[in-house]
Amino acid sequence: MQHNNFIVSEYRNTICEQMMTSMQGFPTSVKVTPIPAFTDNYIWCLHNGTQAVVVDPGDAAPVLAFCKEQKLILSAILITHHHRDHTGGIAALAAAITDLPVIGPRGSHINGITKSVAQGDIVKLTAIGCEFSVLEVPGHTLDHIAFVGHNALFCGDTLFAAGCGRLFEGTPGQMHRSLSKIKRLPPGTAIYCTHEYTEANVKFALAVDPENEHLQAYSDWVASNRAKDTPTLPTDLTTQCNVNPFLRCHDNNVVKSVSQYAGLELSDEIAVFTQLRKWKDNF
Ligand SMILES: [Zn+2]
């Protein structure tokens, strides 16, 4: 098997360079397909007709089946964080494919990672002609990273359509900073989340922000997609900035609603985010 199908450059690129990378779409030969796993996970597969890269393979079986069916050679794995439903397939995939590069968060806590990366590193996936910058986005877990490039973001369990990840390890302040980092990406960035939680998230979002017309229209779109069992992902940053209460902690209606829920006068965005996350955890 080939060994040179990815390169990680370890230098801190400027935000400007990141934006340039993000603005270019995928090479025309590259498709991104969700491979469903477990109850509601998507393992995103980037493939160009011969080679494939998967993000967060919690289970090896559906990935191997997809590659076999599409006649693809798996050439690398990207990992966003340590949770089992994102990493459980690494061992079996590495056993099936010799010298498979597994690129993920630093720290030696995830078995099978062959190259650890951190904020600002560039991951070059030469097998499919793609290149991603690494963003550190702690909150859901402390090791959480995201991959941004080609006008797309693979964000694991940090941002969901109309929601965000639970705070298992990080603080609300960390998560709010991570989401703010995502908000600074170009507006049209496609967002590839790893769970189909959108319908439940929209119900909560409507409880928080019932007058939001963007959200009302989005709710109808989500319901019609889910009725046909069609994924609601990827979504895009502009849509999420319009409908996702976790990206709207500055919005007057969201502030009012969350303050009412908490019985507190909430004066800053992190305080609003903290209470909003608490509300969702108990919703
Ligand atoms: Zn997770």
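Keep in mind that this is a model prediction, so the values were computed, not measured.

Parameters at a glance
Residues numbered from 1 in each chain as written. Predicted model: local features only at pLDDT ≥ 70, side-chain atom pairs only at ≥ 80, totals over all residues. pLDDT = per-residue confidence, 0-100. Contact = placed C-beta atoms within 7 Å. Pairing = 2+ DSSP bridges. Helix = DSSP H or I, 4+ residues; strand = E, 2+ residues; numbered from the N terminus. Axes fitted to C-alpha atoms, helices over the stretch in contact; angles between N-to-C directions. Buried ≥ 20, exposed ≤ 12 C-beta atoms within 10 Å, placed from the backbone. Arc of directions from axis to C-beta. Core = buried A, V, L, I, M, F, W, Y, C linked by C-beta atoms within 7 Å. Parallel < 35°, antiparallel > 145°, perpendicular 65-115°, else oblique. Nonpolar A, V, L, I, M, F, W, Y, C, P; charged D, E, K, R; others polar. Left-handed = near helix turned anticlockwise from the far one by under 90°.

Moving on, we come to the confidence of the model for the protein chain. On average, the protein chain scores 93 in pLDDT, and the residues at 70 or more come to 92%. Note that residues 10-22 has pLDDT below 50 and, in this model, 19 contacts with residues that lie over four places away or in other chains.

The strand order across the open sheet formed by 6 strands is 2-3-4-5-6-7, and the pairing between neighbours is mixed. The sheet is open, and its two borders are formed by strand 2 (31-37) and strand 7 (115-117), each paired with just one other strand. Neighbour-to-neighbour, the strand axes of this sheet turn through a mean angle of 25 degrees, independent of strand direction. For strand 5 (residues 73-78) and strand 6 (residues 102-105), the ladder comprises 2 bridges, and the chain directions are parallel.

Another point: helix 6 (residues 198-208). Count 3.6 residues to each turn of an α-helix, and residues three or four apart come out pointing the same way. The set of residues buried in helix 6 consists of Thr198, Asn201, Val202, Ala205 and Val208. Down the axis of helix 6, the buried set is contained in an arc of 115 degrees. They therefore lie on one face. Residues of helix 6 that are buried make contact with strand 12 (159-160), strand 13 (163-164), helix 7 (213-227), helix 8 (237-243), helix 9 (252-262) and helix 10 (269-281).

Regular strands place their side chains on alternate faces of the sheet. Only one face of strand 8 (residues 122-125) is covered, namely the face carrying Val123 and Leu125; the face carrying Ile122 and Lys124 is uncovered. Here strand 8 runs beside strand 9 (residues 130-136); their pairing, made up of 4 bridges, is antiparallel. Along strand 9, the bridge assignment pairs valine 123 with phenylalanine 132. Where strand 8 folds back on strand 9, the antiparallel hairpin that results is connected by 4 residues, among which glycine 129 adopts a positive phi of roughly 65 degrees.

Val54, Leu153, Phe154 and Cys155 are the most contacted members of the largest nonpolar core, which totals 75 residues. Considering every element that reaches this core, the biggest residue donor is strand 3 (residues 41-47), with 5 residues. Leaving out residues up to four positions away in the same chain, cysteine 155 has contacts with Val137, Ala146, Ile182, Ile191, Tyr192 and Cys193.

With their axes 9 Å apart at the nearest point, helix 5 (residues 172-183) and helix 10 run at an angle of 105 degrees to one another. On the basis of the axis angle, helix 5 is roughly perpendicular to helix 10. Touching Pro172, Gly173 and His176 of helix 5 are Glu269, Ile270, Phe273, Thr274 and Arg277, all from helix 10. Residue classes in the contact of helix 5 with helix 10 are distributed as 3 nonpolar, 3 polar and 2 charged.

Another point: the environment of leucine 46. Looking at where leucine 46 falls in the secondary structure, it is placed in strand 3. Note: C-alpha distance between leucine 46 and lysine 203 (157 residues apart in sequence) is 31 Å.

The next thing to look at is the environment of histidine 250. Within the fold, histidine 250 resides in the loop between helix 8 and helix 9. Note: C-alpha distance between histidine 250 and glutamine 119 (131 residues apart in sequence) is 26 Å.

Turning our eyes to something else, we now look at the packing of helix 6 against helix 7. The interhelical angle for the contact between helix 6 and helix 7, taken along N-to-C directions, is 155 degrees, at an axis separation of 10 Å. By the angle between their directions, the pair helix 6 and helix 7 is classed as roughly antiparallel. Crossing of helix 6 over helix 7 shows left-handed handedness. Counted together, Thr198, Glu199, Val202, Ala205 and Leu206 of helix 6 and Leu215, Tyr218, Ser219, Val222 and Arg226 of helix 7 form the full contact between these two elements. When its residues are assigned to classes, the contact of helix 6 with helix 7 shows 6 nonpolar, 2 polar and 2 charged.

We now examine the pairing of strand 2. Sheet topology places strand 2 next to strand 3; 7 bridges connect them, and they run antiparallel. For lysine 31, the partnering residue across the bridge sits in strand 3 and is histidine 47. Two successive antiparallel strands, strand 2 and strand 3, enclose a turn made up of 3 residues, where phenylalanine 38 displays a positive phi of approximately 50 degrees.

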